[in-house]
Amino acid sequence: MRTVSDAERRARLGRRHHLARPVASVERAAADLAGLHSSDPTTVYLSAWARVRRFAPADLETALYEDRSLLRMLVMRRTLFVVPPGLAGPMDVVCARTYAAAERRRLATMLREQGVTTRPERWITDTEAQVLEALADGERSAPELTRVVPRLAKKLTFGEGSRWQAEVGVSTRILFLLAGEAKVVRARPRGSWTSGQYRRARVDRWLGEPLDEPPEDEAAATVLTAWLRVSGPATITDVRWWTGWTARRSTATLGAVGAEEVALEDGTPAYLLPDDLARVKAPASWVALLPSLDPSTMAWKERAWYLGPHAGDLFDRNGNAGPTVWLDGRVVGGWAQAPNGTVRVALLEDVPAAARRRIDAEAERLHEWLGDVRFRTRFPTPLERRLIA
C-alpha cells in the first residue's frame, strides 16, 4: 500500500491550495479549492488575497455580482461558501438539502407550538411563495422583504427556559430554508465588502436559469471528486467532516469515484483519487497569512499533521479556526488586525530567522493591502484576543 508522509501532505497542501504559487483569478482559486468559506464576510476576500496574484476586492465583487461566475451559497455544514455555479448545484443536492429538510420540520413544530398557525407546513409554503414573488423584480434585503411580506416579522422563541433563550425573526428561518433549497442566493451586501447584511435574489433570476440538480449519487461523486482532488489524502473522518455526510454515504461515494486507499505516516487509512497516486514534490519554501475559517485550515477534521499542538490557541470552543500563520504547510502562529490597522503576528514555535523576516514582510503586505479597512472576525480565538488586547 502506498504511504503518504506528512511532508508530502504538506507539499500537496502548498501546491493544491495555491499557497506556494498564487493563481491568476479568484474563479480559479474558488474552483480548485472546491469553494472558499464565506460565513465571515471578510474571510473569502482574505483567502483570495493569499492565493490570487494582484487581487483586489473588486475582482471578487465582479465575479459575484456582475459576471456571476461565482455564487455565495449555503452548502456544506450550514456554512456559506463561494463556489462556481457548476459545483453549487451538486453541493445543494447532497449537502444543503439534508439540513434544510430537518430545519423545515423544526420550524413547523415551533409555529404550531407557539400558536402561530395550526397548519404550519402550508404556512411555510405560502410564506416562501410570497418571498419568491417579492424577489421577482430584483434584489431585496431582509428588512425590505419584511415590509413586503409582513409574516416575516413574526418572532419565535428559541431555547425557552434556558440561558440561551432568544427571539428570532421568522425571516431568518424562511430565508435559511430558501437558501438551503437553492432558491435564493446572497447578492450584494448593503455595506462594504466587510458587511454580512446581504440582499437576496432568486437563483433562477440571478443566473437566468435554476441550478443544475443531478441525481444524488452523481452529485455526491462530483462534490467528493472536487474536494479530494485538492485535499487528498483524506481519512473517512475528514470526508464526513467536510461534507457533513453519514458514514454510509461517505463510504459509498468513495467507492463510486474509485478512491484508492493509502496509508498515512502513522498508518491511518486514507484515500486518494485513482489518478492522483503519484508522489508530489515539495514546492519552494513559502509563507502565508490565512484568515479565520480559511478553507485550508478547515479542510480536515484530523489536523495534527499541519496544526500541531496549537488548536487551543487558534480555534474557538466551537471549532472555528482563527487567523493563522503558515510556513511550508504547517501552522506556526496566528495574527490579528490591531485597532490602528497594524497586522500583529505571534509565532507559537521557533522558525528560522529568514522565515521570520518573510512572515513579517507578508504581514506588512497585508497591512498595506487593507489600508483604511478595519474588521473583526466573527469567532475570535484566544490568541487573537491576546493580540488585539
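A few points on the structure. Computed from a predicted model, the values in this text were never measured in an experiment.

Calculation criteria
- Residues numbered from 1 in each chain as written.
- Predicted model: local features only at pLDDT ≥ 70, side-chain atom pairs only at ≥ 80, totals over all residues.
- Heavy atoms only, no water.
- Pairing = 2+ DSSP bridges.
- Helix = DSSP H or I, 4+ residues; strand = E, 2+ residues; numbered from the N terminus.
- Axes fitted to C-alpha atoms, helices over the stretch in contact; angles between N-to-C directions.
- Salt bridge = Lys/Arg side-chain N within 4 Å of Asp/Glu carboxyl O.
- Buried < 20%, exposed > 50% of the residue type's maximum accessible area, 1.4 Å probe, protein only.
- Expected span 1.5 Å × (residues − 1).
- Arc of directions from axis to C-beta.
- Core = buried A, V, L, I, M, F, W, Y, C linked by side-chain atoms within 4.5 Å.
- Contact = heavy atoms within 4.5 Å.

**Topic: the sheet that holds strand β11 (residues 287-290)**
With respect to topology, 4 strands assemble into an open sheet ordered β11-β12-β13-β14, the strand pairing being antiparallel. Looking at the sheet topology across the chains shown, the edges are occupied by β11 and β14 (343-347). Strand-to-strand, the axes of this sheet are offset by a mean angle of 30 degrees, without reference to chain direction.

**Some details on the pattern of salt bridges**
Counting across every chain of the model gives 25 salt bridges. For D92, the salt bridge goes to R97, with nearest N and O atoms at 2.6 Å. Classification of D92 as buried rests on a relative accessible area of 1%.

**Topic: helix α6 (residues 120-134)**
Here α6 contains 15 residues, and its C-alpha end-to-end distance of 21 Å stays within 8% of the 21 Å for a straight helix at 1.5 Å per residue. The complete set of buried residues in α6 reads P120, W123, I124, T127, E128, V131, L132 and A134. On an axial view of α6, the arc spanned by its buried residues comes to 165 degrees, and they lie on one face.

**Focus on the nonpolar core**
Note on soluble globular proteins: their nonpolar side chains tend to be buried together. If you look at the biggest cluster of nonpolar residues, it comprises 122 residues, and the most contacted ones within it are V26, L60, M73, V131, W227, L289 and W335. Broken down by element, the residue count for this core peaks at 12 residues, all from helix α5 (residues 85-113). Leaving out residues up to four positions away in the same chain, V131 has contacts with L145, V149, L152, I174, L175 and L178. If you look at the next biggest cluster of nonpolar residues, it comprises 5 residues, including V4, L264, A270 and L272.

In short, the description is geometric, and any link to function would need to be established separately.
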